[in-house]
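Inside the fold
Single-letter residue listing:
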Amino acid sequence: MNLGEALRVALRGLRANRLRSALTMLGIIIGVASVILLVALGNGVQTSVNEKIQPLANLITVVPSVGNVPGGAPPKDLIDADVAALQDKTLSRDIAAVIPATSGKALVDGDAYRYRANVVGTTEQWLEVNNQDMSAGAFFDEAQVRSTARVVVLGSAVANYLYGDDPAAALGKPVRINRQTFRVIGVMQSVGEPGDGVVAMPLPTVRRYIFGGGDKINQMIVQASDANAVPAAENDVIRILSERHRIKDSANRDFEVQSLRSRLDTFNQILRILTLFTAAVAAISLVVGAIGVLNIMLVSVTERTREIGIRKAIGATRRAILEQFLIESLLLAGLGGLIGVLVGVGLSVLGANVAPSFGPTFATFAPSVTIPSVILSFAISLAIGLVAGGYPANRAARLRPIEALRYQ
Amino acid sequence: MIQIEDVTKVYRMGKVEVRALESVDLTIDDGEFVAIMGPSGSGKTTLMNIVGCLDVPTSGRYLLDGTDVSRLSDNRLAKIRSRKIGFVFQSFNLVARTSAIRNVELPLVYAGVRIRRHAARVALEQVGLGDRLKHMPNELSGGQQQRVAIARALINDPVLLLADEPTGNLDTAASAEILKILGALNDAGRTVVIITHEEEVARFAKRIVRMRDGRIVSDQAQRIRTEVSA
């Protein structure tokens, strides 16, 4: 039996029972569409989170441990010499830059208002490493760090609170912190809380005028040469600092090393499992859809027992009958799968276009369709047609012509 | 052409054995017009099923056109039916929701013929339905449906036309028409075997085989063939 004929017969069968065929397909449509949509949702979240974090993915944060380790040596502070050691290329090839920072809360007085800001003393690389931009003025430069210049750069919330909406209005203004006066040379763009509440100034300036503390620092941002070098750089940091602090047992470490990269990996892993899990739940509806196809094909074979008898009497082989019913169920499931793909992709695209209009938080959840999920779910729907149609088709093919002809 | 030797057919219905055919011998030559008669339960339908390769005998031999078909597999039997036998049934047995011409094309589909339209049209024209090609079975009268069935039975040019009570569901006029067509086919050299319990129908054949209780009880040639007046 040729394919064209089989297709025509199958189409005729499906058309003859339009409602029944449509309802059967609905099972597959819902299953395929929900698999595609849920995978797209998971993928969308993963993509948007990664996009935000990716520029920061090669950063490692080192902070001193809080409190004594019971029974251990008194904890050593992180000091400038530690920074210098990490910057030494002969000790680590995977560390590209080390940005020291010392920070604390302090009251910042403007012309009329007072703001409790997180004051950070650091180096000129801090802005770039944190992937931040200026909205007015400039960040302090290397010369200003070396000369202990009395300059500050304000976070957008600080500038807004002290000087109003226009960031340029803050430029050149004096602010007082700890009874010292500093000049505002720049305002940073908003990155959301808590980053907007920061006031940045050169590290020597903070030490001399605000927090004191000698050569102590309370945070290091270590930049790995690239995101893939993060684990190696992390090991180097631990090795170099452990050596300098004479720590043999990792439990006695007086510093903590965290990388966004490893947290990002954990996040991605959890999200992937979550996505797979929800897709698997959605796939349950595909199983239900498959049972629907099986059921309807069994009904179809029973209804057409006599027709099968006629076809066999006029020369149809088992194979011809098998093919006819297999093609019918493939068509049913395949068509359902195709419509399911269209619905799933359509809803995902609709969601991606509508979600951002509810605000930036929802934009994170903008679905993004993955090609493998489309191919896989369509392939599964075809497989359903083949498997769920196989048994009824085989039953039809094995019918004995004289009994089938006698069937009323 | 048809050579049935010592054919027995036993059905098992639960625990009961039904001997539908009891060592039947029957030879039918090319160009014959045979009526097989008998009351219900006489085994005539079983005989037709075996002659039509829809079923195989329990024992004995059946040669069709020189081939022993009594031990063939399902698939081989399907191929024999496709090439050598045309069926006409009492209840027409057209495929529903399928136009007359597509019904006639079906045997060609299963025989693997690619170009079918023309042959099907010619066959329908020969049975006088050239103007009903696109009609669905439920839009045709009984007589017309049976003529479609005859066209379908003939499309593969079978060596044997097997008709099981072909007039059983038809009124007198339509019956006469169908018998006329069968007669004309036989006149043209086609071997026709007709199963019936109606004497008038049987009288129309050249030879009448009578069955009872699974055995052939009489087998006689008719000198005078009744002409059907229609």
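See the structure printed just above.
To start, this report covers the structure provided alongside it. (Residues numbered from 1 in each chain as written. Chains lettered and ligands numbered in written order. Predicted model: local features only at pLDDT ≥ 70, side-chain atom pairs only at ≥ 80, totals over all residues.)

1. With respect to the packing of helix α9 (residues 260-303) of chain A against helix α13 (residues 371-398) of chain A
All names here are of chain A. Under the convention used in this document: Simply put, an axis is a line fit to the C-alpha atoms, just over the touching stretch for a helix, and the angle between two N-to-C directions goes from 0 to 180 degrees. For the purposes of this entry, the term helix denotes a DSSP run of H or I that reaches at least four residues, the term strand denotes a run of E that reaches at least two, and both are numbered from the N terminus. Angles below 35 degrees are treated as roughly parallel, those above 145 as roughly antiparallel, those between 65 and 115 as roughly perpendicular, and all remaining angles as oblique. Crossings are assigned a handedness: left-handed for a near helix turned anticlockwise from the far helix by less than a right angle, right-handed for a clockwise turn. By the convention adopted here, residues are in contact when the distance between their C-beta atoms, placed from the backbone, does not exceed 7 Å.
Packing of α9 against α13 brings their axes to within 9 Å, and their N-to-C directions diverge by 30 degrees. Here α13 runs roughly parallel to α9, going by the angle between their axes. Crossing geometry of α9 relative to α13 is assigned as right-handed. For the pair formed by α9 and α13, the contact residues are L286, G289, A290, V293, L294, M297, L298 and V301 on the first element and I380, I384, G385, V387, A388, G389, Y391, P392, R395 and A396 on the second.

2. A word on the sheet that holds strand β10 (residues 215-221) of chain B
Note: strands within a sheet are paired through backbone hydrogen bonds, in either parallel or antiparallel orientation. Residues and elements named next belong to chain B. Let me state the cut-off plainly: Strand pairing is assigned whenever DSSP detects at least two bridges linking the two strands.
Judged by pairing direction, the sheet is mixed, and its six strands sit side by side in the order β6-β7-β8-β3-β9-β10 without closing on themselves. The sheet is open, and its two borders are formed by β6 (85-88) and β10, each paired with just one other strand. Along the sheet, successive strands turn relative to each other by an average axial angle of 20 degrees, direction set aside. As paired elements, strand β3 (residues 33-37) and strand β8 (residues 191-196) share five bridges and run parallel to each other. Bridge assignment links F33 to a residue of β8, and that residue is V192.

3. Section: the sheet that holds strand β1 (residues 2-13) of chain B
Residue and element names in this part refer to chain B. Judged by pairing direction, the sheet is antiparallel, and its four strands sit side by side in the order β2-β1-β4-β5 without closing on themselves. Every other strand in the sheet has two partners, leaving β2 (16-28) and β5 (67-68) as the edge strands with one partner each. Where β1 meets strand β4 (residues 59-64), five bridges bridge the pair, whose relative direction is antiparallel. In the sheet register, I2 faces β4, and the bridge partner there is L64.

4. Things to note about the packing of helix α5 (residues 142-154) of chain B against helix α6 (residues 172-187) of chain B
Residue and element names in this part refer to chain B. Two numbers describe how α5 lies on α6: the axes approach to 9 Å, and their chain directions differ by 15 degrees. On the basis of the axis angle, α5 is roughly parallel to α6. Here α5 runs over α6; the crossing is right-handed. Where α5 approaches α6, its residues G142, G143, Q146, R147 and I150 are matched on the opposing element by A174, E177, I178 and I181.

5. Side note on the interface of chain B and chain A
The condition that has to hold: Each residue gets one label: Ala, Val, Leu, Ile, Met, Phe, Trp, Tyr, Cys and Pro are nonpolar, Asp, Glu, Lys and Arg are charged, and the others, such as Gly, are polar.
Contact residues are listed per partner, giving 20 residues for chain B and 17 residues for chain A. Breaking the side of chain B that touches chain A down by element, the ones donating at least two residues are α2 (74-84) and α3 (100-111) of chain B. The element best represented in the side of chain B that touches chain A is α2 of chain B, accounting for six residues. Considering only residue class, the side of chain B that touches chain A consists of 10 nonpolar, four polar and six charged.

6. Some remarks on unusual backbone geometry
Spelled out, the test is: Buried residues are those with 20 or more other C-beta atoms within 10 Å of their own C-beta, exposed residues have 12 or fewer, and partly exposed residues lie in between; C-beta atoms are placed from the backbone.
If you check the backbone angles, N178 of chain A has positive phi at about 55 degrees while not being a glycine. Within the secondary structure, N178 of chain A is located in the loop between β7 (174-177) and β8 (180-188). N178 of chain A gets classed as partly exposed once you count the C-beta atoms within 10 Å, which come to 15. Despite not being glycine, E165 of chain B shows a phi value in the positive range, around 45 degrees. Inspection of the secondary structure puts E165 of chain B in the loop between β7 (160-164) and α6.

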